[in-house]
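Per-entry structural report
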Amino acid sequence: MGHGHRVLVIAITGTRLVRIAGALASVLIIVATTACSAGLGGPASSRSAQDGVIRFTFAPDPIWDYMHDTGVIEEWERDTGYSIETSATWDEFGLFAGGHADIISSASFEVPALEEQTQRETVIIGRYNAERSRILVRADDPATSLEDLRGRRLGVFTTVSGTLVWSALVQQMHGMNLVATGERPSDFNVVVADIQNLSNLLARGEIDACICYPDLSARELRDGSVRALYDGKSSANLFAELQAPGHDGPMGNVFVARKDWVQGHPGEVAAFLDLWDRGLAEWQAHRDDMIEQYPQHFAVASAEDIAFMKSYVAQHDWVVDEVRFDQQWADDESSIFDLMRTTGVIGDDIADPQFLATEGAQQ
């Protein structure tokens, strides 16, 4: 991808599976393909960070591919004087810990684990997309909420990551334990399975419900064999209703940077945020084109599933409008930790992440 004059250090993930209260879990590969994304090169650079240089390690992403293929990134490099070295990897945390990436993407609620695992002080500098998982059941199941599924088989892709958010929500809404915590047993028969198979397992009756991503459940949602509880609301939607009205989080992906690097590279940080604001604008203007051009990023292949995904995303878009945020947004995003502490999902010793609020600031 873009090779130019100067570089920033970035690694971005799809959804990183991390235990906030404990050990680092395995990486979740959301997209079936293992091929490099358009414009993403080979192994990450082993060179030290340089002023003006952005070493960018990014999991496959449709917005990035679109900006690369339409010349947006090349234009940005030419206009700013910065350049981006890129590589495709699923080991963003490893690169970050090894000093080969200064910015990565992580779920906001996983940032404390990132700091614990890498021993690097971080700051959240931007937002990207909301935690979008839903609770799905078979279409003929009369359940109206998880309360009706007590003792039944609940499929999850991990007992951490987005499951942590649902654990807090279920405890608050229904007083139930989604996963076993300490001496508290689970109120469900939790089944951990590959995320790409969960909705199919549900449709076949091998589980009774799942925490599923809509873009990995397109076929079953389209053919009507499964349906979403809570009026189709995601964990982020429910969190906003319960904790922070009007908020668009918690975030499935925020941009996280090494704090000392941010303090020493304000120009690179601002330019990076400008580039992603352009990317978010391109998404809003060309969303259908991106789904059609890069269907692999949405786990769809057939014309019917591509059409369904276009319609679904139009109604349930999880990508934010702006990458920058203000302090009120940061405070609202931090309240996911208050919820997880009060519901016993994480310990009281887990600190909130640090945020760099730049919305409205002169760039």
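All of these numbers come straight from a predicted model, not from anything done at the bench.

Definitions and limits used
- Residues numbered from 1 in each chain as written.
- Predicted model: local features only at pLDDT ≥ 70, side-chain atom pairs only at ≥ 80, totals over all residues.
- Heavy atoms only, no water.
- Axes fitted to C-alpha atoms, helices over the stretch in contact; angles between N-to-C directions.
- Helix = DSSP H or I, 4+ residues; strand = E, 2+ residues; numbered from the N terminus.
- Parallel < 35°, antiparallel > 145°, perpendicular 65-115°, else oblique.
- Left-handed = near helix turned anticlockwise from the far one by under 90°.
- Contact = heavy atoms within 4.5 Å.
- Disulfide = S-S within 2.5 Å.
- Buried < 20%, exposed > 50% of the residue type's maximum accessible area, 1.4 Å probe, protein only.
- Pairing = 2+ DSSP bridges.

1. Re the packing of helix α10 (residues 266-293) against helix α11 (residues 303-315)
The geometry of α10 relative to α11 is characterised by a closest axis approach of 9 Å and an angle of 160 degrees between their N-to-C directions. One finds that α10 runs roughly antiparallel with respect to α11. The handedness of the crossing between α10 and α11 comes out as right-handed. Mapping the contact onto sequence places Trp283, Arg287, Asp288, Ile291 and Glu292 in α10 and Ile306, Met309, Lys310, Val313 and Ala314 in α11.

2. Points about the state of the cysteines
Across all of its chains, the model carries 1 disulfide by this definition. Between cysteine 210 and cysteine 212 runs a disulfide, and the two sulfur atoms are separated by 2.1 Å. The S-S bond linking cysteine 210 to cysteine 212 shows a torsion near -120 degrees; that makes this disulfide left-handed. Overall, the relative accessible area of 1% leaves cysteine 212 in the buried class.

3. Description of the sheet that holds strand β10 (residues 226-228)
Strands sit in the order β8-β7-β9-β6-β10 across an open sheet of 5 strands; the sheet is mixed. Edge positions in the sheet fall to β8 (189-192) and β10, since each of these pairs with one other strand and no more. Averaged over neighbouring strand pairs, the angle between their axes works out to 30 degrees when direction is ignored. Two strands pair when backbone bridges link them, and strand β7 (residues 153-156) and β8 are joined in this way by 4 bridges, in the parallel orientation.

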